[in-house]
Amino acid sequence: TEWMVPYAASRPRDPMVGPDGRVWFVGQRSDYVAYFDPASEDFTKFDLDAGAGPHNVIVAEDGTVFYSGNRASHIGALDPETGEITKYMMPDDRARDPHTLVFDSQGDIWFTVQQGNFIGKLWRDSGEIRLVEAMAVDGGRNRSSRPYGIVLDSQDRPWIALFNTNHIGTVDPETFELVTYELPENALPRRIGITSDDIVWYGDWTRGTLGRLDPETGEVREFPLPSGERARPYAVAVDDADRVWVVETGV
């Protein structure tokens, strides 16, 4: 069953179901946060400031909606009852494009900053943001690692796809030390998932495989996707039976 989003050419993306069953999403091109009510089949839109460029949205248990202001250096918190928005600005000008958000078990938010090359955490109660720089070292030169997809394991440790490298990274929640795990040569992980045994799964954007990283041993196994190198795997999700779902966008 499909419903046409009534906001033309707005690039709706990243749907998430809230605790009340409403389906939230953002309009990346038209600067809005919106929801769809499956019961009434109605859409409701909240306009953001021009140029916000929302990329990702997550919904807290209390109904607060958080979006990444990908073109405006902030994470926004929307109160759906009042429409009021609180902005949490990035503490470093280089962290200009908050990208993907995820809650930890305490309701605080870990996130990636793709072009700015940071991994960050936002504490909801205080509004504090802490950033970890994630530049990659290539032949003695620092270059962009482009932190992209992010998931949390059972210990609230974030795992991050470093999309411009053949590495997956993790950050120690206590020390904020960044540690990386090497994948096969030329691999480019984009989105990742994690199963209940804390195994990390990733789609290899360039080589058309689904990869499996065991953080305990560092061992990597790969499984060719049906479309091979043309697959261009993007979104990865894990369901409640630990099945790994992945989309092929190249075909």
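Residues numbered from 1 in each chain as written. Predicted model: local features only at pLDDT ≥ 70, side-chain atom pairs only at ≥ 80, totals over all residues. Heavy atoms only, no water.

## A short note on the pattern of salt bridges
Okay, step 1: A complete count under the given rule lists 13 salt bridges for this structure.
Okay, step 2: Note that Asp 204 is salt-bridged to Arg 207, the shortest N-O span being 2.7 Å.
Okay, step 3: The partner of Glu 222 in a salt bridge is Arg 207, with the nearest N and O atoms 2.4 Å apart. Taken together, the residues Glu 222 in strand β22 (residues 220–224) and Arg 207 in the loop between β20 (200–204) and β21 (209–213) connect sequence positions 15 residues apart.
Okay, step 4: Since its relative accessible area comes to 26%, Arg 207 is described here as partly exposed. (Salt bridge = Lys/Arg side-chain N within 4 Å of Asp/Glu carboxyl O. Helix = DSSP H or I, 4+ residues; strand = E, 2+ residues; numbered from the N terminus. Buried < 20%, exposed > 50% of the residue type's maximum accessible area, 1.4 Å probe, protein only.)

## Notes on the sheet that holds strand β11 (residues 118–122)
Okay, step 1: Reading across from one edge, β9-β10-β11-β12 is the order of the four strands in this open sheet, with antiparallel pairing throughout. The open sheet has two free edges, formed respectively by β9 (98–103) and β12 (129–133), since each of these has just one partner strand. Between one strand and the next, the sheet's axes are offset by a mean angle of 20°, whatever the strand orientation.
Okay, step 2: In the sheet, strand β10 (residues 109–113) pairs with β11 via five bridges, with the strands oriented antiparallel. Paired with Thr 112 across the strands is Ile 119, a residue of β11. (Pairing = 2+ DSSP bridges. Axes fitted to C-alpha atoms, helices over the stretch in contact; angles between N-to-C directions.)

## Examining the nonpolar core
Okay, step 1: Core analysis: the biggest nonpolar cluster contains 16 residues, and Phe 66 and Phe 111 have the highest contact counts within it.
Okay, step 2: Of all elements in the fold, only β7 (74–78), β10, β11 and β12 reach the threshold of two or more residues within this core.
Okay, step 3: Examining the composition of this core, we find that three residues originate from one element, β10, more than from any other.
Okay, step 4: In contact with Phe 66, other than residues within four places in its own chain, are Asn 56, Val 57, Ile 58, Ala 60, Ile 75, Gly 76, Ala 77, Tyr 88, Leu 101, Phe 103, Ile 109 and Arg 124. (Core = buried A, V, L, I, M, F, W, Y, C linked by side-chain atoms within 4.5 Å. Contact = heavy atoms within 4.5 Å.)

## A word on the pairing of β22
Okay, step 1: Sheet topology places β21 next to β22; five bridges connect them, and they run antiparallel. Paired with Leu 210 across the bridge in β22 is Phe 223.

## Brief notes about the environment of Glu 174
Okay, step 1: Within the secondary structure, Glu 174 is located in the loop between β17 (167–171) and β18 (178–182).
Okay, step 2: Sequence separation between Glu 174 and Ala 231 is 57 residues, and the spatial gap between their C-alpha atoms is 38 Å.

## Observations regarding the side chain of Thr 112
Okay, step 1: If you trace the backbone, Thr 112 turns up in strand β10.
Okay, step 2: Setting aside its immediate chain neighbours within four residues, Thr 112 contacts Asp 97, Pro 98, His 99, Thr 100, Phe 118, Pro 147, Tyr 148, Gly 149, Ile 150 and Ile 160.

## Section: the sheet that holds strand β8 (residues 85–89)
Okay, step 1: Across the sheet, four strands lie side by side as β5-β6-β7-β8; this open sheet has antiparallel pairing. Two strands bound the open sheet, and with one partner strand each, they are β5 (54–59) and β8. Direction aside, neighbouring strands of the sheet carry axes that sit 20° apart on average.
Okay, step 2: Bridge count between β7 and β8: five bridges; the pairing is antiparallel. Residue pairing for β8: Gly 76 is matched across the bridge by Lys 87.

Fair warning: the whole summary comes from geometry, so function is off the table for now.
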